[in-house]
Each structure stands twice: as structure tokens, then as C-alpha cells.
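An overview of the molecular structure
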Amino acid sequence: MHQFIKVFLEIILWRRGPQDLPASRFLVWVTLAAYLMVSVAQLALLNEPAATWLFFLVVDPLLLMSMVWLVLKLYGRSARYNQTISAVLGCSALLGLLVYLPLHMVLIGNLSESNSGAAQLAALFEVTVFVLVTGRIIERATDSSMFTGVAVALTYFIVSISLFGLLSTSGG
């Protein structure tokens, strides 16, 4: 397990890519479980309502996994799905554990308002890091450009947030 964490860290730092992971369905399940566990910790820390939990533990991972599959299919790289989605989920979980959770804990401890400038700046930082890391993974998996990878990551993010907004306003 330590070896996989090291590979995920090196992917985050742009030293390696998804091709450095095994094309293992088991690794997909392990990284999905890690992604979900980190999401649970973030949702609990932020004291989110049940509908938000449902969205970020079911809809969001399905959207992310589907979008990666679709992009790889469009680029004729379907065989790289297990490696690519493992890289995206594993790196997201590691970033969540090492960066996002500690950042949220500091902000929650120091701020009473989630809409503060510091909280918004932290959110922008988190999105930027996610888009750059995921974009780089997509770039490597599709043999395309960084522009393409970032465009795919941003599209996923915008669709996810839009769906969340639609579901939040229609449910409440």
C-alpha cells in the first residue's frame, strides 16, 4: 500500500502518470473506497445535510467515473480506464487527506463564516489543484494536451456543481 501512496504522490507532483499504476479492477475499488472515505470525513467536518451526502457519495463519484470513461472512449484509450480512474480517485483521496481536510480544519477553527474571503480563497485553491492534477492525468491517459486535460477536468467540475445546485434548489 505504501508503494501506491508514493505513486499517487508522484502523480500529484507530475513526476509520474496513470501508466505507472497497474490496470487492476481491485485498485479501482480500493481507490474508490478511499475517495469515499475522505469524502465522508469532509462532509462530516462541514456538517452537511443528508442530501449533500447522497450527492457527493453517489452522484459525484458516478459522474467522475463516467466522464473519465467517456473521454477515454472518445480518444480510443478505453484499455487505460482502470489505470486512469485509479489515478484520479487515488490522487483525489490523497489530496483530500493531506491538503483539503487540514485546510478545512484550520479554516473551521479560525472562522465562523464559511463564506469568508479565506474560505472562498481556499475553495479556489482546492479546485485549481484538482483541475491541474486531474487534467494532467487525463492528458497522460489520452496522449493529448494539457489544455484538453484541464478542459475535461473543468467540464466535470462545472457539471458536478451545476447538478448539485439543481438538486439542492429542487429539493429544498
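Preceding this paragraph is the structure being described.
An account of the accompanying structure is given in this report. (Residues numbered from 1 in each chain as written. Predicted model: local features only at pLDDT ≥ 70, side-chain atom pairs only at ≥ 80, totals over all residues. Heavy atoms only, no water.)

1. Here's the deal with the overall build of the protein
Scanning the protein for helices and strands turns up six helices and zero strands. Counting from the amino terminus, the protein carries its helices and strands in the arrangement α-α-α-α-α-α. In terms of C-alpha radius of gyration, the protein reaches 16 Å, essentially the compact-globule figure of 16 Å for 172 residues. Taken along its principal axes, the extent of the C-alpha atoms in the protein is 45 × 35 × 30 Å. In the protein, buried positions account for 41% of the 172 residues. In the protein, once contacts between residues fewer than 6 apart in sequence are set aside, the share between residues at least 24 apart is 66%. (Helix = DSSP H or I, 4+ residues; strand = E, 2+ residues; numbered from the N terminus. Rg over C-alpha atoms; globule rule 2.2 N^0.38 Å. Buried < 20%, exposed > 50% of the residue type's maximum accessible area, 1.4 Å probe, protein only. Contact = heavy atoms within 4.5 Å.)

2. So, the environment of V99
Within the fold, V99 resides in helix α4 (residues 81-110). Look past the residues within four positions of V99 in its chain and what remains in contact with it is L94 and F125.

3. Digging into helix α3 (residues 50-74)
In a regular helix each residue adds 1.5 Å, so 25 residues correspond to 36 Å; α3 covers 35 Å between its end C-alpha atoms and thus fits that length. Along its length, α3 reaches its greatest deviation from straightness, about 30°, at F56. Directly beyond the C-terminal end of α3, a positive phi value near 70° is found at G76. (Expected span 1.5 Å × (residues − 1). Bend = angle between axes of the 7 residues up to and from the residue.)

4. Considerations on the packing of aromatic side chains
Taken as a whole and assessed by the stated rule, the structure comprises four aromatic pairs. Centroid distance F55 to F164: 5.2 Å. Interplanar angle 55°. Geometry classified as tilted. You can see F55 sitting in helix α3 and its partner F164 sitting in helix α6 (residues 146-171), a full 109 residues away along the chain. A ring pair is formed by F56 and F164, whose centres lie 5.1 Å apart and whose planes are at 45°; its orientation type is tilted. Taken as a pair, F56 in helix α3 and F164 in helix α6 lie far apart in primary sequence, 108 residues in all. Owing to a relative accessible area of 23%, F56 belongs among the partly exposed residues under this scheme. In this structure an aromatic cluster arises from ring pairing among F55, F56 and F164. (Phe/Tyr/Trp six-rings, centres within 6.5 Å; stacked < 30°, edge-to-face > 60°.)

5. So, the nonpolar core
By size, the foremost hydrophobic cluster in this structure holds 36 residues, and its most contacted members are I11, L64, V68 and I85. Looking at this core element by element, the count peaks at nine residues for α4. With sequence-adjacent residues up to four places away left out, V68 is seen in contact with Y81, T84, I85, V88 and I138. (Core = buried A, V, L, I, M, F, W, Y, C linked by side-chain atoms within 4.5 Å.)

6. So, the side chain of T31
One can find T31 in helix α2 (residues 25-45). Among the polar contacts made by the side chain of T31, one reaches the main-chain carbonyl oxygen of V28 at a distance of 3.0 Å. Beyond its immediate stretch of four places on either side in the chain, T31 contacts F8, I85, S86, L89 and G90. (Polar contact = N/O pair within 3.5 Å; in protein donor to acceptor, adjacent residues only side chain to side chain.)

7. Focus on the side chain of E139
Assignment of secondary structure puts E139 in helix α5 (residues 117-142). E139 has contacts with S144, S145, M146 and G149, leaving out every residue within four places of it along the chain.

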